[in-house]
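# Notes for the structure review
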Amino acid sequence: MRLRRKRRIFRCVRKRRDLTAVSTKTQNIERRDVLLTSVVRNEKIRLPFFLEYYRRLGVNHFLFVDNGSDDGTGAFLADQPDVSVWRADASYKRATFGIDWSNYLLRKYAHGHWVLTVDPDEFFIYPFCDTRPVRALTDWLDSCAVRSFGTMLIDMYPRGPVEAEPYTEGQDPFEIARWFDSGNYMITKNHDYGNLWIQGGPRARVFFRDNPSKAPALNKIPLVKWDRRYVYVSSTHSLLPRGLNQVYDEWGGEKTSGALLHAKLIDTLGDKAREEMERGQHYRRSGEYRAYAQGLDDQPVFWCDWSEKYINWRQLEILGLMSKGNWA
Amino acid sequence: MSKLGIVMLVHSALHRVEQVARHWATAGCPVVIHVDQKVSDEAYSELAASCADTPLIRFSERHTCQWGGWSIVAASQSAAELMLDTFPDVHHVYLSSGACLPLRPVSELVDYLAERPRVDFIESATTADVSWTIGGLDQERFTLRFPFSWRRHRKLFDLYVRLQRALGMRRRIPKGLVPHMGSQWWCLTRQTLSAILQDPKRKVYDRYFRRVWIPDESYFQTLARLYSTHIESRSLTLSKFDYQGRPHIFYDDHLQLLRRSDCFVARKVWRDADRLYQSFLSDQAGKMKPAEPNPGKIDRVFSKAVERRTRGRDGLYMQSRFPRHGSENGLTCFPYSVFQGFAELFEDFEPWLTETTGGRVHGHLFAPNRAEFSGGETIINGALSDCAKLRDYNPTAFLSNLVWNTRGERQCFQFGPRDTQKINWFLARDKNAQVSVITGAWAIPLFRSNLNFSDIRNEAARLQQIETKQLEVLNSVWTKARIRTWSLAEFVETPMEPLQAVVGEIGIQNQSHLTQTPTMVDLSGFGQFLQNLKNQGMHPYLMGDFPSDDVFGNQVRPYPKPYLVR
């Protein structure tokens, strides 16, 4: 495991050559700041709301990797006062699906900081997120000597067909995709890395019902008190050293955990799926996107009679999709 | 000048310290602040300069404070000495921290103490009586030596404790002292406090407590017992601890809770809880009626948090709760019933069971081609799908999800050797499962089928083998489920008694006895059918003894009217 970690570190340092700085404002980062990193590609339509959402939570500085966008994403980000952007035109796949790039940025800029690593369609929810900023959570985690914070990805979907209602720039995607599955998730433990492997939800129910083992993983550990010895191994599903993956209790109790609301299943999915399928730059040769592109041609409706309409984090807590744990 | 003096021990968030100190000083209370030596000189002098305009705020000699070490006591001592020397009018001294926030107007606290001039408020209990010690050190705090920091040199700390235990090393407790422990936040009278600080034997005591574990929770608590005339063993500071002994932190959304607690001072308050600082430090005279502190409401919130963290919600599997084998506290969250062989034996078992029990009765949930949800639904609570592949990908998750999603409603389902067998261990280990099995009833559909006899024979052998294995699991020594088994012959002879027992446990709606009975299928010829199987070389044994002549099938119908005393 140590070798694997060293190899990851080596890779990410080597892949720094892919990155060219577009706009760096990292000198503004202060000691207690909470950071956010993300790898994006042609996401300009999503970014205004994304930035607004995380600024409201109290994220102080954003670190973006712009992977060859041609829709003005880079320029838009470079204009933001609290955003640093690097451009990478190299292969996303060969950078282990972008992980090498973010590992490098984390290693360089996030040492000693709490940092969120999310995709531009993932929105972080934690207990009391409506009344307490993310700093309250990280201070509390610090006082408990906890280094990482676990979440589950919750796929949100609209009432009708996915492509029925168009998304406009700056809009809250959850005005369209308000619904989610509350109780069809399957968990097993991954003994290699000690993390949980969660599958299920609407994508497994609709796209992967004949092949559930291929359904995407929903376990994520997006919030970490970073140290330059740490690395993400596969997306944000698992980290090394392994102790960071222990975000769950094994003796019957509940640790504090959150959720990532996933605004993927809206009308931008179709274009994305077709584009990514052609590029073949995603995990399992974009097999996931291939399934979407095929499935999307039949105008799928994820919504069913038992879909749950999203209200707030307390609802997720009661449903058992996250937990306040010991934080009151 | 007020008769109440405040001692503050601080180490961070100095802007909050100034705010709170000014609040006390404005109300006329002198304040002595001890700033940890670890705070940079720059920050310290900044704080000192900005407080310079208030003569009531003083700063005491600085010590480097370490959690669990003597230095915190030394800091309190020097700050308290400065307080007593500089402000001769002070009658009570209140020890607080930088994260403490006064909840009620200062005048109320002053009046409260003025009415109790001889009372020392200090939580102080003998080691035998406390339950809050974390780490198992209670009496040993006073009899072992602790030269190593628990936070920084945990291994050395543990090693040295073990060494002393092994060698039987014991320290002598100074004569006259009875070790007491309690919250480190106290409020003592000048008389008691000065007696402690000016004790001729103080050097002896100090040397002793220097090597006691967490002396800030025992030094004043023990010595106050020597001098005080009236100890109220409670802290005036509201402080809640989690299961690891760390104080809970208060945030903006606790505002109402704190208001209603009627406590004088709360700890710890998050440094960026602007709303709390703003509302409690503003002038709020007369907002509250004089009342005794009542932290009961807050207690409930925080004890719930502790329970959630240590026990969790039974039957829930999620990203932050995934118990190991055996630590589940119940594999599911609500009782449910499993019926095996009943639907084969009775023609209308499912509608009958629904009507009798009011529960939700599913068909074979683990049938090979789909999960037969009640009412033929394809998707049920929690968006759980009937797709067999999804279900069989993780059958135990399917079952625990089903029970979790429908918690509060009794679930019943049919099971049998034709179904996916992967849940048997889960069923057996789950104390919420009530499993009723009529062994060998799987033969009835074969008996009534129109298959070739050789196929029937093969199928019978297969099913019998599966059910035998299943029964081994259900009857294992690890079984926690409520298991009942009857052989088919046994059951057919007196069907009402077992039915009544099973249904009674679910909680029957009309308590007296079963009025309606399900209709049993016609079994005439079944004995001969079994005999035929035997003649073909198979050995059907799970059904029990059916006579091969047909009398039996004819005898049972109509079976006697239900009449039974439970």
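Model, not experiment: these values are computed from the prediction.

## Things to note about a positive patch on the surface
Where like charges cluster on the molecular surface, the positive patch consists of Arg14(A), Arg16(A), Arg17(A), Arg94(A) and Lys108(A). Inspection of the secondary structure assignment puts Arg14(A) in helix 1 (residues 2-14).

## As for the nonpolar core
Counting residues in each nonpolar core, the largest one holds 178 residues, and the members touching the most others are Tyr54(A), Phe64(A), Phe124(A), Ile125(A), Ile154(A), Leu316(A) and Trp24(B). Among the elements that make up this core, the one with the highest residue count is helix 3 (residues 71-86) of chain B (eight residues). Those residues within four positions of Phe124(A) in sequence are excluded, and the remaining contacts are Tyr53(A), Tyr54(A), Leu57(A), Leu116(A), Val134(A), Leu137(A), Phe149(A), Thr151(A), Leu223(A), Ala259(A) and Leu260(A). Core analysis: the next-biggest nonpolar cluster, separate from the first, contains 67 residues, Phe346(B), Phe349(B), Ile456(B) and Val521(B) among them.

## Points about the packing of aromatic side chains
Counted by the stated rule, this structure contains 61 aromatic pairs over all chains. Both rings, one in Phe250(B) and one in Phe302(B), keep their centres 5.7 Å apart while their planes meet at 85 degrees; by these two values the pair is edge-to-face. Placement of the pair is Phe250(B) in the loop between strand 11 (237-239) and helix 10 (255-261) and Phe302(B) in helix 12 (residues 296-310), with a sequence separation of 52 residues. With relative accessibility at 2%, the residue Phe302(B) sits in the buried group. Between Phe346(B) and Phe349(B) the ring centres are 6.2 Å apart and the planes differ by 25 degrees, which places this aromatic pair in the stacked class. Taken as a pair, Phe346(B) and Phe349(B) share a single burial class, namely buried. Among the aromatic residues, ring-to-ring pairing joins Phe49(A), Phe50(A), Tyr53(A), Tyr54(A), Phe62(A), Phe64(A), Phe123(A) and Phe174(A) into one connected group. Its end group placed over the ring of Trp327(A), Arg132(A) keeps NZ or CZ at 4.7 Å from the ring centre. Directly above the ring of Trp404(B) sits Arg407(B), whose terminal nitrogen or CZ lies 3.9 Å from the centroid.

## What about the sheet that holds strand 5 (residues 114-117) of chain A?
Residue and element names in this part refer to chain A. If you trace the nine strands from one edge of the open sheet to the other, you get 1-4-3-2-5-11-7-14-6, paired in mixed fashion. One side of each edge strand has no neighbouring strand; the edge strands of this open sheet are strand 1 (19-23) and strand 6 (122-125). Looking at each pair of strands side by side, their axes are set apart by 25 degrees on average, direction ignored. Here strand 7 (residues 148-155) runs beside strand 11 (residues 219-225); their pairing, made up of four bridges, is antiparallel. Each residue of the ladder has a partner; that of methionine 152, found in strand 11, is asparagine 219. The strands touched by helix 2 (residues 47-57) are strand 2 (34-40), strand 3 (61-66), strand 4 (83-88), strand 5 and strand 6; relative to strand 6, the strand with the most contacts, the crossing angle is about 15 degrees. Against the sheet, helix 4 (residues 99-109) makes contact with strand 1, strand 2, strand 3, strand 4 and strand 5, and its axis sits at roughly 155 degrees relative to strand 2, the strand it touches most.

## Some remarks on the environment of Arg62(B)
Residues and elements named next belong to chain B. Within the secondary structure, arginine 62 is located in the loop between strand 3 (57-59) and helix 3. Arginine 62 sits 313 residues away from glycine 375 along the chain, and the two C-alpha atoms are 75 Å apart. Dropping the residues within four chain positions of it, arginine 62 is found in contact with His34, Val35, Asp36, Gln37, Val39, Ser40, Asp41 and Tyr44.

## Some points on helix 5 (residues 134-143) of chain A
Residues and elements named next belong to chain A. Most of helix 5 is tucked away: eight of the ten residues are buried. Among all positions of helix 5, only Val134, Arg135, Ala136, Leu137, Thr138, Asp139, Trp140 and Leu141 are buried. Looking at the buried side of helix 5, the elements it contacts are strand 2, helix 2, strand 5, strand 6, strand 7 and strand 11. Positive phi appears at alanine 145, one or two residues downstream of helix 5, with a value of about 60 degrees.

## Remarks on the domain arrangement of chain B
Split into domains, chain B comes out as domain 1 (116-184 + 193-235) and domain 2 (336-556). Computed over C-alpha atoms only, the centres of domain 1 of chain B and domain 2 of chain B are separated by 64 Å.

## Comments concerning the state of the cysteines
Working definition: the covalent bond between the sulfur atoms of two cysteines is a disulfide. Within this structure, the stated rule accounts for zero disulfides over all chains. Cys100(B) takes part in no disulfide bond, and the closest cysteine sulfur, belonging to Cys263(B), lies 12 Å away.

## Digging into the packing of helix 1 (residues 14-26) of chain B against helix 2 (residues 41-50) of chain B
All names here are of chain B. Interhelical geometry of helix 1 versus helix 2 gives an angle of 25 degrees and a closest axis separation of 10 Å. By the criterion of interaxial angle, the relationship of helix 1 to helix 2 is roughly parallel. Crossing geometry of helix 1 relative to helix 2 is assigned as right-handed. Residues Leu14, Val17, Glu18 and Arg22 of helix 1 form the contact with helix 2, whose own contacting residues are Ala43, Leu47 and Ser50.

## Remarks on the interface of chain A and chain B
Taken together, the contact between chain A and chain B spans 59 residues of the former and 51 residues of the latter. Here chain A and chain B share an interface that buries about 4600 Å² over both sides, 52% of which is from carbon and sulfur atoms. For the interface between chain A and chain B, the tally reads six salt bridges. Asp249(A) is paired through a salt bridge with Arg309(B); the nearest N and O atoms lie 2.7 Å apart. The tally of links from chain A across to chain B stands at 31 residue pairs in polar contact (both at pLDDT 80 or more). Looking at the side of chain A that touches chain B, the elements that each hand over two or more residues are helix 5, strand 7, strand 9 (185-189), strand 10 (196-200), helix 6 (201-206) and helix 9 (313-319) of chain A.

## Overview of the packing of helix 7 (residues 190-197) of chain B against helix 9 (residues 219-227) of chain B
All names here are of chain B. In contact at an axis separation of 9 Å, helix 7 and helix 9 are set at 110 degrees when each is read in the N-to-C sense. The orientation of helix 7 relative to helix 9 falls into the category roughly perpendicular. Where helix 7 approaches helix 9, its residues Thr192, Leu193, Ala195 and Ile196 are matched on the opposing element by Tyr219, Phe220, Leu223, Ala224 and Tyr227. Here the residues of the contact of helix 7 with helix 9 sort into eight nonpolar, one polar and no charged.

Analysis parameters
Residues numbered from 1 in each chain as written. Chains lettered and ligands numbered in written order. Predicted model: local features only at pLDDT ≥ 70, side-chain atom pairs only at ≥ 80, totals over all residues. Heavy atoms only, no water. Patch = residues over 30% accessible without salt bridge, like charges linked within 9 Å, V, L, I, M, F, W, Y side chains within 5 Å. Areas by Shrake-Rupley, 256 points an atom, 1.4 Å probe, with all protein chains shown as cover. Salt bridge = Lys/Arg side-chain N within 4 Å of Asp/Glu carboxyl O. Lys, Arg positive; Asp, Glu negative; His and termini not counted. Charge placed at Lys NZ, Arg CZ, Asp CG, Glu CD. Helix = DSSP H or I, 4+ residues; strand = E, 2+ residues; numbered from the N terminus. Core = buried A, V, L, I, M, F, W, Y, C linked by side-chain atoms within 4.5 Å. Buried < 20%, exposed > 50% of the residue type's maximum accessible area, 1.4 Å probe, protein only. Contact = heavy atoms within 4.5 Å. Phe/Tyr/Trp six-rings, centres within 6.5 Å; stacked < 30°, edge-to-face > 60°. Lys NZ or Arg CZ within 6 Å of the ring centre and 35° of its normal. Pairing = 2+ DSSP bridges. Axes fitted to C-alpha atoms, helices over the stretch in contact; angles between N-to-C directions. Domains from an automatic or database assignment. Disulfide = S-S within 2.5 Å. Parallel < 35°, antiparallel > 145°, perpendicular 65-115°, else oblique. Left-handed = near helix turned anticlockwise from the far one by under 90°. Buried area = accessible area lost by both parts, 1.4 Å probe. Polar contact = N/O pair within 3.5 Å; in protein donor to acceptor, adjacent residues only side chain to side chain. Nonpolar A, V, L, I, M, F, W, Y, C, P; charged D, E, K, R; others polar.

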